[in-house]
Amino acid sequence: MSQEALVQTVLACSQCGRMFAHSDVVQIAGSWVCGDCKPGYLSRVMASGWAASALGWHYGGFWMRFGARMIDGFVLGVPLVIIFALMIPNLLKTQGNPSNPAFGAFAAFSLSIFLGYFVVLICYEVLMLKYRGATLGKMACGIKVVRADGTSLGWGVSFGRFFMWNIVTSGIPYLNSILMLISGIMAGTDSEKRALHDRVCDTRVVYKQSIA
Ligand SMILES: [Zn+2]
């Protein structure tokens, strides 16, 4: 070994333990890694979410996200309850009789309320995710939705996430109880707390103050 090499800073590879010159190792997720170990180490980092942990992300857990959904349900549900409460006198007028002319009008009105509510629900979730990265419930809980690389959501991902949760996971009668349970278990056990829709859309739910 020449005199020059001894003067150089020598670093140990965190994976194989061999000593290398500073120029022959790279720092990944806080650890020095040599050229031989780099490919394997990099794929393990990506698979386990260590890279995100190294960035200091704090993922939103099941109960915080559940709480955020409850707040959203309240925000969107209360106006709906008021509308239906106002409609009850009209329902009583029809006496539940389909041959009553008022019944048809009531059914048509109910259907348009339902469709209108659905449009409001789409606009609420998609617009809030696209422009704020969070619904009002998530904002109240201090969490937001980001892409895997930390960037904000585009139109496609915002809509995809709405579709995956509201239609696929929680929108199909009977099947939804199973899918919501699976999605909740996934979020609770995953190292990055990804629910089903996060895996499909490659999104993460993080505490806003933990992401720069
Ligand atoms: Zn190595």
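Reading the values: rules and limits
Per chain, residue numbering runs from 1 following the sequence as it is written. Only residues with pLDDT of 70 or above have their local features reported here, since the model is predicted, and side-chain atom pairs are shown and tallied only from 80 upward, although totals for entire chains, interfaces and linings are computed over all residues. Hydrogens are left out, water is left out, and the side-chain values use all remaining heavy atoms of the structure. For helices, the axis comes from a line fit to the C-alpha atoms of the stretch in contact; other axes are also lines fit to C-alpha atoms, and the angle between any two N-to-C directions lies between 0 and 180 degrees. A run of H or I in DSSP counts as a helix once it spans at least four residues, and a run of E counts as a strand once it spans at least two, with each numbered from the N terminus. Small angles under 35 degrees read as roughly parallel and large ones over 145 as roughly antiparallel, with 65 to 115 read as roughly perpendicular and the rest as oblique. Contact criterion: two residues are considered in contact whenever any of their non-hydrogen atoms come within 4.5 Å of each other. Put simply, Ala, Val, Leu, Ile, Met, Phe, Trp, Tyr, Cys and Pro go in the nonpolar bin, Asp, Glu, Lys and Arg in the charged bin, and everything else, Gly too, in the polar bin. Any N, O or S atom lying within 2.8 Å of the metal counts as a donor, and for Na, K and Ca the limit rises to 3.2 Å; water is left out, so some sites can look incomplete. When four donors show all angles between 85 and 135 degrees the site is tetrahedral, when four or six donors have opposite pairs over 155 degrees and all other angles between 65 and 115 it is square planar or octahedral respectively, and in every other case it is irregular. A 1.4 Å probe that fits into a set of points on a 1 Å grid over the protein atoms alone but cannot get out defines a cavity; an open set with protein on both sides within 12 Å along at least five of seven lines defines a pocket, and lining residues are those with an atom within 4 Å of a point. Grid points are joined across faces, edges and corners, and a volume is the space filled by probe spheres set on the points. Buried residues of nine kinds, namely Ala, Val, Leu, Ile, Met, Phe, Trp, Tyr and Cys, make up a nonpolar core once their side-chain atoms join them within 4.5 Å. Partly exposed residues are those whose accessible area sits between 20% and 50% of the maximum for their type, while under 20% is buried and over 50% is exposed, using a 1.4 Å probe and protein chains only. Each Phe, Tyr or Trp ring, with Trp reduced to its six-membered ring, pairs with another whose centre is within 6.5 Å; inter-plane angles below 30 degrees give stacked pairs, above 60 give edge-to-face pairs, and intermediate values give tilted ones. Here, a charge over a ring is recorded when the distance from Lys NZ or Arg CZ to the ring centre is within 6 Å and its angle to the ring normal is within 35 degrees.

For the pair helix H4 (residues 62–94) and helix H5 (residues 101–132), the least separation of the axes is 11 Å and the interaxial angle reads 170°. Between H4 and H5, the angle is such that the two are roughly antiparallel. Between H4 and H5, the contacting residues are Arg69, Asp72, Leu76, Gly77, Leu80, Ile83, Phe84, Met87, Asn90, Leu91 and Thr94 on the first element and Ala102, Phe103, Phe106, Phe109, Ser110, Ile113, Tyr117, Val120, Leu121, Tyr124 and Glu125 on the second. Classifying every residue of the contact of H4 with H5 by side-chain character gives 15 nonpolar, four polar and three charged.

Quick look at the coordination of the zinc ion now. Cys13 (SG), Cys16 (SG), Cys34 (SG) and Cys37 (SG) make up the full set of protein donors to the zinc ion, lying at 2.2 to 2.3 Å. Geometry at the zinc ion is tetrahedral, judged from its four donor atoms and the angles of 102 to 119° they form at the metal. Within one chain, the residues donating to the zinc ion are spaced in sequence as C-x2-C-x17-C-x2-C.

What follows concerns the layout of surface pockets. For the largest pocket, the calculated volume is near 690 Å³. For the largest pocket, the lining is made up of 27 residues, of which Arg69, Trp165, Asn166, Ser170 and Met180 are closest to its centre. Those elements giving two or more residues to the lining of the largest pocket turn out to be H4, H5, helix H7 (155–169) and helix H8 (175–189). With eight residues, the single largest contributor to the lining of the largest pocket is H4. Here the residues of the lining of the largest pocket are counted per class, giving 15 nonpolar, six polar and six charged.

Let us look at the environment of aspartate 72. Here aspartate 72 lies in helix H4. The spatial distance from the C-alpha of aspartate 72 to the C-alpha of glycine 137 is 5.0 Å, given a sequence separation of 65 residues.

Let's shift gears to the nonpolar core. Core analysis: the largest hydrophobic core is formed by eleven residues, namely Ala68, Leu129, Cys141, Ile143, Val145, Leu153, Val157, Met164, Cys201, Val205 and Tyr207. Within the residue set of this core, elements represented by two or more residues are strand S5 (143–147), H7 and strand S6 (203–207). Excluding anything up to four places from it in sequence, methionine 164 contacts Thr169, Leu196, His197, Val200 and Cys201. In this structure, Val25, Cys34, Tyr41 and Val45 belong to the second largest nonpolar core, which totals ten residues.

Turning our eyes to something else, we now look at the packing of aromatic side chains. Under the criterion given, the structure shown has eight aromatic pairs. With 6.0 Å between their ring centres and 40° between their planes, phenylalanine 159 and phenylalanine 162 make a pair best called tilted. One end of the pair, phenylalanine 159, and the other, phenylalanine 162, are both in helix H7, three residues apart, so they sit about a helical turn from each other. Under the relative-accessibility criterion, phenylalanine 159 is labelled partly exposed at 40%. Judged by its relative accessible area of 1%, phenylalanine 162 falls in the buried class. Among the aromatic residues, those joined into a ring-pair cluster are Phe118, Phe159, Phe162 and Phe163. For the cation-ring pair, lysine 130 lies above tyrosine 131, with the distance from its terminal atom to the ring centre recorded as 5.0 Å.

Purely spatial values, then, with no claim about function.
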